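Chain by chain, the residues run as shown.
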Amino acid sequence: MNPYLARLCRNFDEPGRLFAMLVRGDRETVIRWSDLERSARGFLAAYRAARLAQGDVILIFLRHVPELYGSFFGAMLGGFVPSFMPCTSPRQNPALYWASHRLLIERISPGLIVGDRQTLAEMAENGLRLPRTLAIEELGPADAEWRIVPGERLGLLQHSSGTTGLKKGVALSYDAVARQADAYAAAIRLRRDDVIVSWLPLYHDM
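In this text, all values refer to a predicted model and were calculated from it rather than measured experimentally. (Residues numbered from 1 in each chain as written. Predicted model: local features only at pLDDT ≥ 70, side-chain atom pairs only at ≥ 80, totals over all residues. Heavy atoms only, no water.)

Remarks on the pairing of strand E3 (residues 57-61)
Thought 1: With five of five residues buried, E3 is to be regarded as a mostly interior element.
Thought 2: With burial as the criterion, each face of E3 is covered, one bearing Val57, Leu59 and Phe61 and the other bearing Ile58 and Ile60.
Thought 3: Pairing of E3 with strand E4 (residues 81-84) involves four bridges; the strand directions are parallel. In the sheet register, Val57 faces E4, and the bridge partner there is Val81.
Thought 4: Each parallel crossover has a hand, and for E3 linked through helix H3 (residues 67-77) to E4 it is right-handed. (Buried < 20%, exposed > 50% of the residue type's maximum accessible area, 1.4 Å probe, protein only. Helix = DSSP H or I, 4+ residues; strand = E, 2+ residues; numbered from the N terminus. Pairing = 2+ DSSP bridges. Right-handed = clockwise from strand over helix to strand, strands pointing away.)

Observations concerning helix H2 (residues 33-49)
Thought 1: In this model H2 runs 24 Å from its N-terminal to its C-terminal C-alpha over 17 residues, within 8% of the 24 Å that 1.5 Å per residue would give.
Thought 2: All of the buried residues in H2 are Trp33, Leu36, Glu37, Ser39, Ala40, Arg41, Gly42, Phe43, Leu44, Ala46 and Tyr47.
Thought 3: Phi for Arg51, located one or two positions after H2, is positive at around 55 degrees. (Expected span 1.5 Å × (residues − 1).)

Regarding the packing of helix H1 (residues 3-10) against helix H6 (residues 174-187)
Thought 1: H6 packs onto H1 with a crossing angle of 50 degrees between their chain directions and a minimal axis gap of 9 Å. Accordingly, the angle class assigned to the pair H1 and H6 is oblique. Packed against H1, whose contacting residues are Tyr4, Leu5 and Arg7, the element H6 presents Tyr174, Asp175, Ala178 and Asp182 at the interface.
Thought 2: Counted by class, the contact of H1 with H6 contains four nonpolar, no polar and three charged residues. (Axes fitted to C-alpha atoms, helices over the stretch in contact; angles between N-to-C directions. Parallel < 35°, antiparallel > 145°, perpendicular 65-115°, else oblique. Contact = heavy atoms within 4.5 Å. Nonpolar A, V, L, I, M, F, W, Y, C, P; charged D, E, K, R; others polar.)

A word on the packing of aromatic side chains
Thought 1: Throughout the structure, instances matching the rule amount to ten aromatic pairs.
Thought 2: On the basis of an interplanar angle of 90 degrees and a centroid distance of 5.5 Å, the ring pair of Phe72 and Phe73 is categorised as edge-to-face. Neither residue differs from the other here; Phe72 and Phe73 are each classed as buried. (Phe/Tyr/Trp six-rings, centres within 6.5 Å; stacked < 30°, edge-to-face > 60°.)

Points about the pattern of salt bridges
Thought 1: Taken as a whole and judged by the stated rule, the model has nine salt bridges.
Thought 2: The salt bridge involving Asp35 is made with Arg38; its shortest N-O contact spans 2.8 Å. Of the two residues, Asp35 and Arg38 are both situated in helix H2; the distance of three residues between them amounts to about one turn of the helix.
Thought 3: Classification of Asp35 as partly exposed rests on a relative accessible area of 28%.
Thought 4: For Arg38, a relative accessible area of 48% corresponds to the partly exposed category.
Thought 5: A salt bridge links Asp175 to Arg179; the shortest N-O distance between them is 2.8 Å. (Salt bridge = Lys/Arg side-chain N within 4 Å of Asp/Glu carboxyl O.)

A few points about the environment of Leu52
Thought 1: Mapped onto the elements, Leu52 comes out in the loop between H2 and E3.
Thought 2: C-alpha of Leu52 to C-alpha of Gly111: the two residues are 59 residues apart in sequence and 6.4 Å apart in space.
Thought 3: Setting aside residues no more than four positions away along its own chain, Leu52 makes contact with Tyr47, Ile58, Phe80, Gly111, Leu112 and Arg132.

A closer look at the side chain of Asn11
Thought 1: Mapped onto the fold, Asn11 is located in the loop between H1 and strand E1 (18-24).
Thought 2: Asn11 sits in the buried class, given a relative accessible area of 18%.
Thought 3: Filtering out sequence-adjacent residues up to four positions away, Asn11 remains in contact with Arg17 and Trp33.

Following this line, the structure appears as structure tokens:
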């Protein structure tokens, strides 16, 4: 059993506890650990239905919606390698965005791309050669059972911002991520009841 994923799953024993709150203007979306578990199970069922191979990379092109978290942890808990990717933005040159991501997808050869229907349609319209895709609107029942595999040592694929050139992917192991999280928690004396507030998008390489 992967000890790092086991640490994650222990949080599911407290389903009512707050996992995250998304704030946009005066709108708040509350996500509890029970919500995350249900979402992750739904994504895991979809990943298995797609017959992905252990260690396949799953590129996640989602904005900051609740499904963002379930898609990521569902991939980890299935023995796949998730990677958050940025969606289009008014601050980005569209031609540069589509050209760079077209090349990235060709180089990475992901097993699956996750997005909403609109994003996946935009990708196809702009000439991206997409492998298998999963639209979050098409998710089925959240009935997949966990099988925490010993799996790959690779936990996730993190990309640089691509400000000065093509994004560079960095493969991060579960061990490296856990060590960083533990060191960070110790440095700021993080307690169980503390709340962290961040404006950074989850695809950011910080």
